Amino acid sequence: MTELKDQLSLLGRRTEYKQDYAPEVLEAFDNKHPDNDYWVRFNCPEFTSLCPITGQPDFAEIRISYIPDIKMVESKSLKLYLFSFRNHGAFHEDCVNIIMKDLIHLMNPKYIEVTGIFTPRGGISIYPYANYGRPGTKYEKMAGHRLMTRG
């Protein structure tokens, strides 16, 4: 347990919310089962960001699914990270791709996908989807297949 406490600095402490995009709050811990392929799924039904043009809030449900390798994202740090978009101006598609790339940088997962289910604005809903499979592996093929068959 001490080893885990050494890796994680946010869990069990008073929560401080960042007021703008803050990838530095993300924390990872060691996966105890790197030899197994399994899904880890997160759902954030209260995601908020700002339109970079109008400054109006955009609301979404963000869904993150990944197959971990050595590292896994700690859920409280992920919550704080996603919250940091609240005052950040970015288009829907940017948010989804930024989230995915930050998590790849943090964990180097075997596979990851991020979906944004944004509420309608002006009568149009936008549901961007991004995924990644580690190059040169079966996960790269999986990413291509999932991207082409999603609809």
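Preceding this section is the structure that the text describes.
On a predicted model such as this, the values are computed, not experimentally measured, just so you know.

A. Structural context of the sheet that holds strand β5 (residues 111-118). Pairing within the open sheet is antiparallel, and its four strands lie in the order β2-β3-β5-β6. The sheet is open, and its two edges are formed by β2 (40-50) and β6 (129-133), each paired on a single side. Pairs of neighbouring strands in the sheet enclose a mean axial angle of 15 degrees, with direction left out of account. Of the pairings in the sheet, the one linking β2 to strand β3 (residues 57-67) comprises nine bridges and is antiparallel in character. Its bridge partner being in β3, Val 40 is matched across the sheet by Tyr 66. Those strands touched by helix α2 (residues 75-83) are β2 and β3, and its axis lies near 20 degrees from that of β2. Each of β3, β5 and β6 touches helix α4 (residues 138-149); the most contacted strand, β6, lies at about 160 degrees to it.

B. Looking closely at the packing of α2 against helix α3 (residues 92-107). For the pair α2 and α3, the least separation of the axes is 12 Å and the interaxial angle reads 145 degrees. By crossing handedness, the relation of α2 to α3 is classed as right-handed. Contacts between α2 and α3 involve Leu 78, Tyr 81 and Leu 82 on the former and, on the latter, Ile 98, Ile 99, Asp 102 and Leu 103. Residues of the contact of α2 with α3, tallied by class, amount to six nonpolar, no polar and one charged.

C. The packing of aromatic side chains, seen in detail. Under the counting rule described, the total for this entry stands at seven aromatic pairs. Ring plane angle 50 degrees and centroid distance 5.4 Å describe the contact between Phe 47 and Phe 85, whose orientation is recorded as tilted. Here Phe 47 is found in strand β2, whereas its partner Phe 85 is found in the loop between α2 and α3, with 38 residues between them in sequence. Here the two residues Phe 47 and Phe 85 agree in accessibility, since each one is buried. Taking 6.3 Å as the distance between ring centres and 90 degrees as the angle between the ring planes, the aromatic pair formed by Phe 47 and Phe 118 counts as edge-to-face. Here the residue Phe 47 occupies a position in strand β2, and Phe 118 occupies one in strand β5, the gap between them amounting to 71 residues. A single burial state applies to Phe 47 and to Phe 118, both of which are buried. Taken together through their ring pairs, the aromatic side chains of Tyr 21, Phe 47, Tyr 81, Phe 85 and Phe 118 make up a single cluster.

Cut-offs and rules
Residues numbered from 1 in each chain as written. Predicted model: local features only at pLDDT ≥ 70, side-chain atom pairs only at ≥ 80, totals over all residues. Heavy atoms only, no water. Pairing = 2+ DSSP bridges. Helix = DSSP H or I, 4+ residues; strand = E, 2+ residues; numbered from the N terminus. Axes fitted to C-alpha atoms, helices over the stretch in contact; angles between N-to-C directions. Contact = heavy atoms within 4.5 Å. Left-handed = near helix turned anticlockwise from the far one by under 90°. Nonpolar A, V, L, I, M, F, W, Y, C, P; charged D, E, K, R; others polar. Phe/Tyr/Trp six-rings, centres within 6.5 Å; stacked < 30°, edge-to-face > 60°. Buried < 20%, exposed > 50% of the residue type's maximum accessible area, 1.4 Å probe, protein only.

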